[in-house]
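Working through the structure, step by step
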Amino acid sequence: MAAAEPARPRRGSSHAAGDGEGQDREGPRRTAPRRRSGTTGAAAAMRAAAQQLAELLGRLPDSVSSLQPTEDGWEAQVEVVELERIPDTTSVMASYRVALDEDGELISYKRTRRYTRGMIDRPT
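Calculation rules
For every chain, the first residue of its written sequence is number 1, and the numbers climb from 1 along that sequence. For this predicted model, a pLDDT threshold of at least 70 governs which residues receive local features, and a threshold of 80 or more governs which side-chain atom pairs are given and counted, while totals over whole chains, interfaces and linings are taken from all residues. Hydrogens and waters are ignored; side-chain quantities use all the structure's heavy atoms. For this analysis, a nonpolar core means a set of buried residues of the types Ala, Val, Leu, Ile, Met, Phe, Trp, Tyr and Cys, connected via side-chain atoms within 4.5 Å. The buried label goes to any residue with under 20% of its type's maximum accessible area, the exposed label to any with over 50%, and the partly exposed label to all in between, with areas taken from a 1.4 Å probe on protein chains only. Numbering of helices and strands starts at the N terminus; helices are DSSP runs of H or I of at least 4 residues and strands are runs of E of at least 2. Each polar contact in these results corresponds to two N or O atoms within 3.5 Å; when the atoms are within protein, one needs to be able to donate a hydrogen and the other to accept it, and residues that are neighboring in sequence are counted only if both atoms are side-chain atoms. Any two residues whose heavy atoms approach within 4.5 Å at even a single point are treated as in contact. For a helix, the expected span equals 1.5 Å multiplied by the residue count minus one. Pairing of aromatic rings covers Phe, Tyr and Trp, the last through its six-membered ring, and needs centres within 6.5 Å; plane angles under 30 degrees mean stacked, over 60 mean edge-to-face, and all others mean tilted. Strands were regarded as paired on the criterion that DSSP finds at least two bridges between them. Each axis is a line fitted through C-alpha atoms, and for a helix only the stretch in contact is used; angles between axes span 0 to 180 degrees, taken between their N-to-C directions.

Per an unreviewed UniProt entry, the chain goes by the name Gas vesicle protein and belongs to Streptomyces erythrochromogenes.

Printed below as a string of structure tokens:
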């Protein structure tokens, strides 16, 4: 029995959590928040937000700047180049808030901000 006790810390030390309870909690942190089975995960929601917004706007998204789960699905902020200029830092960008349902289908979008690519956020 004495040999079994040191084995437990070794197994726990190979994981981020120290004991069996921490290992149970670690699994959900790596995946999307608790959701009903068959719902879209974070990575799939990011792709869906970008792809579906591109179809509607006819412009390719530059990036997804935020993604968060909601009670009804996901909400993302997607950055899009609205007007390309030279130099690139003067291109006009737009930020869109995109709402997705549980299955990753776009249910609404709204442009929330326009700015030049070279513009940085200032603290408020």
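So much for the structure itself; the text now carries on.
A closer look at the nonpolar core
Residues A49, L53, V78, V80, Y96, V98 and L100 are the most contacted members of the largest nonpolar core, which totals 14 residues. For this core, the secondary structure elements donating two or more residues are α3 (42–57), β2 (73–83) and β3 (92–101). Take this core: its biggest share by element is five residues, from α3.

Some words on the side chain of Q52
Note that Q52 resides in helix α3. Reaching out from Q52, the side chain makes a polar contact with the backbone oxygen of G104 at a distance of 2.6 Å. Discounting residues that sit within four places of it in the chain, Q52 has contacts with L100, G104, E105 and L106.

Looking at α3
The terminal C-alpha atoms of α3 lie 22 Å apart, and with 16 residues this matches the ideal 22 Å at 1.5 Å per residue to within 8%. Of the residues making up α3, those classed as buried are A45, A48, A49, A50, Q52, L53, A54 and L57. In the core, the buried residues of α3 are packed alongside β1 (61–69), β2, β3 and β4 (106–116). One or two positions beyond α3, positive phi appears at G58, with a value near 75°.

Section: the packing of aromatic side chains
Taken as a whole and judged by the stated rule, the model has one aromatic pair. Relative to Y109, the ring of Y96 has its centre 6.0 Å away and its plane inclined at 50°; by these criteria the two rings are tilted. With Y96 in strand β3 and Y109 in strand β4, this residue pair connects regions lying 13 residues apart in the sequence. Residue class for Y109 comes out partly exposed when judged on its relative accessible area of 36%.

Side note on the sheet that holds β4
Pairing is antiparallel across the open sheet formed by four strands, whose spatial order is β1-β2-β3-β4. Either end of the sheet is taken by a strand with one partner, and the two such strands are β1 and β4. Strand after strand, the sheet turns through a mean of 20° between neighbouring axes, direction not considered. The sheet contact formed by β2 and β3 spans ten bridges and is antiparallel. Bridging across to β3, E75 finds its partner in A99.

Considerations on unusual backbone geometry
In this model, I86 is joined to P87 through a cis peptide bond whose omega is 0°. Its place among the elements puts P87 in the loop between β2 and β3.

Quick look at the pairing of β4
Consecutive side chains along a regular strand alternate between the two faces of the sheet. Sheet analysis places β3 next to β4, joined by nine bridges and oriented antiparallel. Residue pairing across strands places A99 opposite S108, the latter belonging to β4. Where β3 hands over to β4, the hairpin turn is made up of four residues, of which G104 adopts a positive phi near 85°.

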